[in-house]
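Notes for the structure review
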Amino acid sequence: MTKPEIRTAIIDILSDIAPDEDYAQLKDDVSFREQLSMDSMDMLDIVLELRKRFKIQIPEEDYPHLVSMESTLDYLEPLLADK
Amino acid sequence: MGEEKIYDTVIIGAGMSGLAAGIRLAQYDKRVCILERHTVPGGLNSFYRQKGRNFDVGLHAMTNYAAKGTRSGPLSRLLRHLRLSWDELGLIPQLGSGIAFPGVTLEFSNQFELLESQIAEKFPAQIDGFRKMVASLVDYDQLGLGTSGGSAQEFVRSFLSDPLLVNMLFCPIFFYGGARESDMEFGQFRIMFRSIFLEGFARPYEGVRHILTRLLKKFKTLGGELRLHTSVKQIVTQSGSASKLILEDGTEIRAKQFLSSAGWRETMRLCGLEESEKAVAPGRLAFVETISVLDRDPKRLGHRKTILFFNDSESMTYKKPDSLIDLRSGVICSPNNFDYGKPLGEGQIRITALANFDRWAQLDPEHYHLEKLRCYDRLIGSAVRFVPDFRGNIIETDMFTPLTVTRYTGKDAGAIYGAPEKKYDGLTPLRNLYVCGTDQGMVGIVGAIVSGITIANRYLLAK
């Protein structure tokens with residue numbers, strides 16, 4: 001998957017988790033927590049959705065990489081390169 | 001052997017907590033089955049139909065109301081975790097509620113400013129202390145596991161010096177979630193205070209059915225399995241784990257993990273773990289509720305309050321009464337008095353009061369029936385000291401006692417708020433058995449749903 005494809009997939013996951021948000025306005029360099037008031041339990045959902053959709057395991061120590069869209073894409077790009 | 005199905009998780013009880021946990025697990029493709037002893041789901045918040053009318057059990061109102069678009073708070077969190085949109089719950093805010101003590105009534109609504117101005121007006125010497133208390137309560141996260149101990153009474157009295165105001169504030173909090181006599185654990189109080197006074201009440205037009213229907217639909221759409229009218233007789237244990245369930249009809253059910261919302265003592269009894277059962281004191285607080293169907297909307301009789309908490313003296317006793325019921329205080333709820341924008345149909349008034357399970361249990365069937373009729377009249381008689389007399393408008397009645405609660409939910413002693421000591425971590429002596437629901441932590445619909453989500457996230461989704 002390319003970065004733009006991964007971004008679309010992440011937006012898809014986020015809009016499943018919080019359907020009432022407007023993702024057109026999402027800034028890639030600002031944390032999800034700040035923009036979408038997501039907490040650690042929402043982060044768990046992102047991890048679980050990634051596991052379910054792309055069969056990738058994200059160890060708990062890597063959760064901090066999922067703080068914003070930018071950092072998430074950087075982290076996921078190599079993991080999803082051949083998916 | 002045949003093809004025996006092994007579930008990832010089997011959940012005991014299709015109440016709010018069990019359903020919420022089931023949805024979380026099914027969302028992530030776990031093979032999950034919920035077993036419910038009753039013929040309808042809901043547990044402590046259920047419904048029934050009698051003589052052509054629909055009645056709710058449990059739910060007076062959902063607490064923790066938040067307007068659409070609110071991002072923080074327990075309601076928006078649980079919507080996210082269950083992938084429900086705000087509109088799906090169909091929550092309609094209350095018209096306004098009150099706390100009536102002799103000579104003084106405090107009104108409150110989903111706008112906190114109302115309660116604040118009422119206290120400023122009626123307890124001017126207390127308002128500064130009240131504001132300070134609220135400020136110290138505001139910041140917390142209901143979804144966190146664990147809670148801070150300590151006495152809520154001590155906390156409140158450190159800010160407020162007028163015992164009448166203290167008792168008035170505790171009245172709704174006790175009735176909507178007090179599992180302990182006369183006091184509450186501070187962490188629990190903080191959550192209850194927020195859910196009732198800072199956020200407030202709402203109800204779907206169709207009542208608790210609507211919420212249950214949404215949850216069930218979600219669960220089944222995700223592939224979850226629900227078996228109604230299915231009682232668990234035994235949880236079979238083997239070297240520190242639960243290995244299988246045996247149902248009343250002898251069927252065996254196997255799973256890797258088990259989650260029980262049956263209550264701590266009830267669950268330990270199923271496991272045959274007598275010592276663990278006795279380690280937690282049983283809940284003592286049980287209730288009766290009368291339901292009166294009226295020939296008109298209560299608003300036409302001058303009763304506009306959504307929920308009115310009453311107490312007939314300055315002191316407040318929240319304890320298991322010595323008699324069948326305690327007539328001194330109670331809750332008067334009208335499902336008509338929410339801001340639906342269209343009439344609900346027939347009028348309904350429900351009145352709840354403290355009751356003594358043992359006294360009800362000692363009655364033979366004939367006296368039980370007679371006492372129900374007597375207590376119905378006496379409780380309504382007590383309530384009409386605080387609301388317009390609606391006795392001439394009653395067209396149908398029903399009533400539940402603590403025995404009714406036990407019969408349909410399996411909860412010991414009709415204790416709807418469970419044991420006084422909670423098992424916040426949800427762990428049991430068996431490594432693959434967890435508890436959720438009333439005895440794990442929070443009470444009420446939102447609390448129960450949060451309980452199911454929290455325990456599922458923490459233990460059952462991790463692998």
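Residues numbered from 1 in each chain as written. Chains lettered and ligands numbered in written order. Predicted model: local features only at pLDDT ≥ 70, side-chain atom pairs only at ≥ 80, totals over all residues.

With respect to the overall build of chain A
In terms of regular secondary structure, chain A is built from four helices and zero strands. Here the C-alpha atoms of chain A give a radius of gyration of 12 Å, agreeing with the 12 Å that 2.2 N^0.38 yields for 83 residues. Considering only C-alpha atoms, chain A reaches an extent of 30 × 25 × 20 Å along its principal axes. Per-residue burial over chain A gives 19% buried out of 83 residues. Residue pairs in contact within chain A that sit at least 24 positions apart in sequence constitute 56% of those at least 6 positions apart. (Helix = DSSP H or I, 4+ residues; strand = E, 2+ residues; numbered from the N terminus. Rg over C-alpha atoms; globule rule 2.2 N^0.38 Å. Buried ≥ 20, exposed ≤ 12 C-beta atoms within 10 Å, placed from the backbone. Contact = placed C-beta atoms within 7 Å.)

A look at the overall build of chain B
A count of helices and strands for chain B gives 15 helices and 18 strands. Its C-alpha atoms give chain B a radius of gyration of 22 Å, near enough to 23 Å, the size a compact globule of 463 residues would have. Projecting the C-alpha coordinates of chain B onto the three principal axes gives extents of approximately 70 × 50 × 45 Å. Looking at the 463 residues of chain B, the share that counts as buried comes to 51%. Here the analysis covers contacts within chain B between residues at least 6 apart in sequence; of these, 73% occur between residues at least 24 apart.

A closer look at the interface of chain A and chain B
Counting from both sides, the interface comprises 12 residues of chain A and, opposite them, 13 residues of chain B. Mapped by element, the contributors of at least two residues to the side of chain A that touches chain B are helix H1 (3-17) and helix H3 (40-54) of chain A. Here the side of chain A that touches chain B gets five residues from one element, more than from any other, and that element is H3(A). Partitioned by chemical class, the residues of the side of chain A that touches chain B number six nonpolar, one polar and five charged. (Nonpolar A, V, L, I, M, F, W, Y, C, P; charged D, E, K, R; others polar.)

With respect to the sheet that holds strand S7 (residues 104-108) of chain B
All names here are of chain B. A sheet is described by the order of its strands in space; here seven strands give the open sequence S7-S6-S14-S15-S16-S13-S17, paired in mixed fashion. In this open sheet, the two edge strands, each paired with only one partner strand, are S7 and strand S17 (394-400). Neighbour to neighbour, the strand axes of the sheet diverge by 15° on average, direction disregarded. Sheet topology note: the strand S14 (residues 307-311)/strand S15 (residues 329-333) ladder contains five bridges and is antiparallel. (Pairing = 2+ DSSP bridges. Axes fitted to C-alpha atoms, helices over the stretch in contact; angles between N-to-C directions.)

Remarks on the environment of Phe258(B)
Residue and element names in this part refer to chain B. Relative to the helices and strands, Phe-258 is located in strand S12 (residues 252-260). Considered as a pair, Phe-258 and Cys-33 are 225 residues apart in the sequence and their alpha carbons are 9.9 Å apart. In this view, Phe-258 contacts Thr-9, Val-10, Ile-235, Ala-242, Asn-432 and Leu-433; residues no more than four positions away in its chain are not counted.

Some thoughts on helix H10 (residues 264-271) of chain B
In an α-helix, one turn spans 3.6 residues, which is why side chains three or four residues apart end up on the same side. All names here are of chain B. Counting buried positions along H10 yields seven of eight residues, so the element is predominantly enclosed. Taken residue by residue, H10 has Trp-264, Arg-265, Glu-266, Thr-267, Met-268, Leu-270 and Cys-271 as its buried positions. Buried positions along H10 lie against strand S10 (232-238), S12, helix H11 (274-278) and strand S18 (433-435).

Observations regarding helix H8 (residues 186-199) of chain B
Residue and element names in this part refer to chain B. Helix length check: H8, at 14 residues, gives a terminal C-alpha distance of 18 Å against a target of 20 Å (1.5 Å per residue), a fit within 8%. Largest kink in H8: about 25°, centred on Phe-193. Taken across its 14 residues, H8 has 12 buried, putting it largely inside the fold. Buried residues of H8: Gly-187, Gln-188, Phe-189, Arg-190, Ile-191, Met-192, Phe-193, Arg-194, Ser-195, Ile-196, Phe-197 and Glu-199, and no others. In this fold, the buried residues of H8 make contact with S7, helix H4 (112-122), helix H5 (127-137), helix H6 (152-157), helix H7 (163-175) and helix H15 (444-460). Directly beyond the C-terminal end of H8, a positive phi value near 105° is found at Gly-200. (Expected span 1.5 Å × (residues − 1). Bend = angle between axes of the 7 residues up to and from the residue.)

All quantities given are derived from atomic positions and should not be read as evidence of function.
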